[in-house]
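Now for the letters of each chain:
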Amino acid sequence: MNSTAATRPNGLALFILPSALLFALFFFLPIGLMAVMSVLTGNPVVMPKVAFTTRHYVRMIGDPFYLEVIWTTVRIGLVTTLVALAIGYPLAHWMARIKSRTGHALLLMAVLAPMLTGIVVRTFAWMTLLSDKGVVNETLMSLGLISQPLKLMYTETGIVVGLVHIYVPFMVLTLTGVIGRIDERLEQAAENLGASPLRAFLEVTLPLSLPGILAGSLLVFALAISAYVTPILLGGFQIMTLPILIYQQISANFNVGFAAALGIVLLVISLLLVVAYNRALGLVSGQRELQ
Amino acid sequence: MSASIEIAGVSKVYDGGVRAVDAVAMDVRQGEFFSLLGPSGCGKTTTLRMIAGFETPSSGAIRVDGADITHVPAHKRDMGMVFQNYALFPHRTVAENVAFGLRMRGLDKATIAAKVKAALAMVELSGLEDRRPAQLSGGQQQRVALARAIVIAPRVLLCDEPLGALDKKLRQQMQFELKQLQKKLGLTLVFVTHDQEEALAMSDRIAVMNGGRVEQVGTPTEIYNQPTTRFVADFIGDTNIFRGERVGPNLDVGKGLILALPPSEMQGTGVLSVALRPEKIRLIPRAESAAAGSSAHGIVENTNFLGGAVLYRVELAGGHRVLVQQPNAGTSRLFVPGNGVTLEWTPADLVVLKD
């Protein structure tokens, strides 16, 4: 009896097995393989003689084009995150504080509704809006505000617009949860002590919602730098980002090793952000235990 | 400088027509410890929040030292508030919490530091300046909240059930300290509580609220000894309430029980409710005869030992059940269930109630 109890301390632990297997098989294994591929001269499955090499990484660092692609990807990610935060925070604050249940339901619907449509569909919708003869340009020109169509499509601006639209819900939902848990009486206490509503927000609500801001930003940034469909359709291959480059390396150049190295770079950028996030959170919240 | 508050016919009607506060009128005098007492949902907290400026009255006016502040935003009211859950800023230290109001007033750093130090000393929290609220006990958090509210020398201090979360011993200690502090600083203090003992122990005056209305305003002794309404008599302490028909100078409350009315109430006709506090009744072993109007025979139904006193429930011969409280005069003098007893009271102790 004792031995069985020792080997099976908790029957519930067995339930974790499927997800653990899934995680190992579809997460750690592929990433491990990708890491290995990125330092091999070729694909060991089709090429019997492969050797270890650092040439993929050397090529990336040596060629300004690839550094430019990495920087473009990061820049699009940062701008998308900041815009999503600027749009998402007020919306999330509103949603978290709204008293009316109907109002809350309507806001939630408004935030979630775009997610019910596929990314491709939404991106095509943006194409009809942003193209040179699209709704935005036609409207502005008919109003006489501009004489030449604005270059909205096939620019980073266009990509950011599309990405923000797609990822704002992630920002809003993350923030709403965090802001909703901040006691409204804290703001009232601040106002009672003489802080204007804006000051109370800046002194109390904003710092307390920092974990949500960081989590939402991290999520949106990671999704934005790995986005593929939107940069292709709205960038039209004029703007090169890491995911597009990776796809080209695999499907057109059959350079799996280089694609793997690019994938690792994408992964490292995300991981560095997670680490930075944890550090930042530790700094702002100190040893604070939430009651 | 402490201020007086005038609440003039204030009502608060929420969307959907709920009348949380209904034509409340009362004056809080300068330097007074004033309690709003009532069951949950009676409108006491809403009234307090309207004084603080977190809610706007639907009608009526609130004046501080004669100046109408009904539509002045909360941050310009210069009032201190201690919240029920303390509402301490979790991301700031004790000292930063206390300094907040001073910082908002634009004081210089040296002045702030000195005032914070003095305020923390006043609530006996010196040495905990750098802790965060989550590292403090409930009692300590309460003191920080108090220090944060009084350090700005508010015109009025508002307290929303500030002691509700503390255990009984600590609560009594804090009651004593808060009262002392209030007297020492001469603060006008509006205190919301549902705990009648707390209100009776601390207040200079109490407003008993029910269903959004003020039932009675008075000193603790007035509220306890001369409740004017049935609700107040029932809500404050234990009481026996009788309702009956006037018959001459007496009240016939049915089931063979006649109560002699107090001398001031002997005139008149009709239906009347009266209250008689359990401790105003004397309990003696069954006497030969009972004087009609001021005594009755009964049998002890059960007893509730309170320590310093014993609360008896006595069933009278006619079937009325009456609560009687007697001081604990020693084991040999206590009654047990089943004992035949006689109740005696003084008609002047009967309090006539408005329904």
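Residues numbered from 1 in each chain as written. Chains lettered and ligands numbered in written order. Predicted model: local features only at pLDDT ≥ 70, side-chain atom pairs only at ≥ 80, totals over all residues. Heavy atoms only, no water.

### As for helix 6 (residues 119-130) of chain A
Residue and element names in this part refer to chain A. Threshold: Starting at the N terminus, helices and strands are each numbered in turn, a helix being any DSSP run of H or I of at least four residues and a strand any DSSP run of E of at least two. The span expected for a helix works out to 1.5 Å for each residue beyond the first. Relative accessibility under 20% of the residue-type maximum defines a buried residue, over 50% an exposed one, and the middle range a partly exposed one, all with a 1.4 Å probe and only protein chains included. It is the directions from the helix axis to the C-beta atoms whose arc is reported. Contact between two residues is taken to exist if any of their heavy atoms lie within 4.5 Å; hydrogens are not considered.
Taking 1.5 Å per residue as the helical rise, helix 6 with its 12 residues ought to reach 16 Å, and the 16 Å between its terminal C-alpha atoms agrees with that figure. Three or more residues of helix 6 are buried, namely R122, T123, M127 and L130. For helix 6, the buried positions fall inside an angular range of 150 degrees around the axis, keeping them on one side. Away from its buried face by more than 90 degrees, helix 6 exposes V121 and T128. For helix 6, the elements touching its buried residues are helix 7 (135-142), helix 8 (156-180) and helix 12 (229-235).

### A few points about the interface of chain A and chain B
Under the convention used in this document: By convention, the term buried area covers the 1.4 Å-probe accessible surface removed from two parts as they join, with the contributions of both added. Any carboxyl oxygen of Asp or Glu within 4 Å of a side-chain nitrogen of Lys or Arg constitutes a salt bridge here.
Across the contact, 21 residues belong to chain A and 25 residues belong to chain B. In this assembly, chain A packs against chain B so that about 2,200 Å² is buried in total across both faces, 59% of it on carbon and sulfur atoms. If you sort the residues of chain A by the area they bury against chain B, N192, L193 and E203 of chain A come out on top, with a joint share of 31%. Taken together, the connections running from chain A to chain B amount to 2 salt bridges.

### Remarks on the environment of S137 of chain B
The residue S137 of chain B is located in the loop between helix 3 (109-122) and helix 4 (138-150) in this model. With relative accessibility at 39%, the residue S137 of chain B sits in the partly exposed group.

### Focus on the packing of aromatic side chains
All names here are of chain A. Short version of the rule: Only Phe, Tyr and Trp rings are paired, with Trp represented by its six-membered ring, and only when their centres lie within 6.5 Å; those with planes under 30 degrees apart are stacked, over 60 edge-to-face, the remainder tilted.
Throughout the structure, instances matching the rule amount to 13 aromatic pairs over all chains. Centroid distance Y89 to F201: 5.7 Å. Interplanar angle 80 degrees. Geometry classified as edge-to-face. Note that Y89 is positioned in helix 4 (residues 64-97) and F201 in helix 10 (residues 197-208), a separation of 112 residues in sequence. We classify Y89 as buried; its relative accessible area is 9%. By relative accessible area, F201 is classed as buried at 19%.

### Some details on unusual backbone geometry
Residues and elements named next belong to chain B. Although it is not a glycine, A23 sits at a positive phi angle of roughly 50 degrees. Within the secondary structure, A23 sits in strand 2 (residues 19-28). For D78, which is not a glycine, the phi torsion comes out positive at approximately 60 degrees. Within the secondary structure, D78 is located in the loop between strand 5 (67-68) and strand 6 (79-82). Here D78 falls in the partly exposed class, since its relative accessible area comes to 27%.

### Re the UniProt feature "transmembrane region" (unreviewed entry) in chain A
The condition is simple: UniProt positions are given in the numbering used here, feature names are shortened, and annotations may be inferred rather than shown by experiment.
Summarizing the sequence annotation, UniProt attributes the feature "transmembrane region" (unreviewed entry) to residues 12-40, 69-92, 104-125, 159-179, 200-222, 228-247 and 254-277 of chain A in the numbering used throughout. The distance separating the terminal C-alpha atoms of residues 254-277 of chain A is 36 Å; by composition the span is 92% helix and 0% strand.

### Description of the pattern of salt bridges
Side-chain pairing between opposite charges can occur once the charged atoms of the two side chains come close. Per the counting criterion, the structure on display carries 26 salt bridges over all chains. Of the charged contacts in the structure, one is a salt bridge between R63 of chain B and E6 of chain B, with a shortest N-O distance of 2.9 Å. Of the two residues, R63 of chain B sits in strand 4 (residues 59-64) while E6 of chain B sits in strand 1 (residues 5-13), which places them 57 residues apart along the sequence. Residue classification places R63 of chain B among the partly exposed positions, given a relative accessible area of 26%. Residue class for E6 of chain B comes out partly exposed when judged on its relative accessible area of 30%. Each of R199 and E203 of chain A together with R92 and R103 of chain B takes part in one network of salt bridges that share partners.

### What to know about the confidence of the model for chain A
Residues and elements named next belong to chain A. The following threshold applies: Within a predicted model, pLDDT stands for the predictor's per-residue confidence, ranging from 0 to 100.
Of the residues in chain A, 94% reach a pLDDT of 70 or more, and the chain-wide mean stands at 87. Note that pLDDT drops below 50 for residues 1-5; the model gives that stretch 0 contacts with residues more than four away or on any other chain. Predicted confidence is poor over residues 287-291, with pLDDT under 50, and the contacts of this stretch with residues over four places away or in other chains come to 7 contacts.

### Side note on the sheet that holds strand 15 (residues 282-285) of chain B
All names here are of chain B. Filter applied, for reference: DSSP-based pairing: two strands are paired if at least 2 bridges between them are found. In this analysis an axis means a line fitted to C-alpha atoms, helices contributing only their contacting stretch, and an angle means the value between N-to-C directions, from 0 to 180 degrees.
Read from one edge of the open sheet, 5 strands run 15-19-16-17-18, paired in antiparallel fashion. Because the sheet does not close on itself, it has two edges, and the strands there are strand 15 and strand 18 (321-327). Averaged over all neighbouring strand pairs, the angle between strand axes comes to 45 degrees, with direction disregarded.

### Points about the UniProt feature "domain: ABC transmembrane type-1" (unreviewed entry) in chain A
UniProt annotation of "domain: ABC transmembrane type-1" (unreviewed entry) refers to residues 70-277 of chain A when read in the numbering used here. Secondary structure across residues 70-277 of chain A comprises 77% helix and 0% strand; the distance between its end C-alpha atoms is 20 Å.

### Section: the sheet that holds strand 1 of chain B
Residues and elements named next belong to chain B. Pairing is antiparallel across the open sheet formed by 4 strands, whose spatial order is 2-1-4-5. Pairing within the sheet leaves two strands with one partner each, and these edge strands are strand 2 and strand 5. As paired elements, strand 4 and strand 5 share 2 bridges and run antiparallel to each other. Counterpart to R63 in the pairing with strand 5 is D68. Its contacts with the sheet put helix 1 (residues 44-52) on strand 1, strand 2 and strand 4, and the angle it makes with strand 1 is roughly 120 degrees.

### Comments concerning the state of the cysteines
This is how it is decided: What counts as a disulfide here is a pair of cysteine sulfur atoms lying within 2.5 Å.
Summed over all chains, the structure comprises 0 disulfides over all chains. The thiol of C42 of chain B is not disulfide-bonded; the next cysteine sulfur, from C159 of chain B, is found 16 Å away.

### Digging into the packing of helix 4 of chain A against helix 8 of chain A
Residue and element names in this part refer to chain A. For clarity, the cut-off: These descriptions rest on fixed angle ranges, namely under 35 degrees for roughly parallel, over 145 for roughly antiparallel, 65 to 115 for roughly perpendicular, and the rest for oblique. Handedness of a crossing follows from how the near helix is turned relative to the far one, being left-handed for an anticlockwise turn of less than a right angle and right-handed for a clockwise one. Residue polarity follows a fixed list, in which Ala, Val, Leu, Ile, Met, Phe, Trp, Tyr, Cys and Pro are nonpolar, Asp, Glu, Lys and Arg are charged, and the others, Gly among them, are polar.
Here helix 4 crosses helix 8 at 40 degrees, and the two axes come no closer than 6 Å. Judged by the inter-axis angle, helix 4 sits oblique to helix 8. Viewed along their axes, helix 4 and helix 8 form a crossing whose handedness is right-handed. For the contact of helix 4 with helix 8, the residue count by class is 20 nonpolar, 7 polar and 3 charged.

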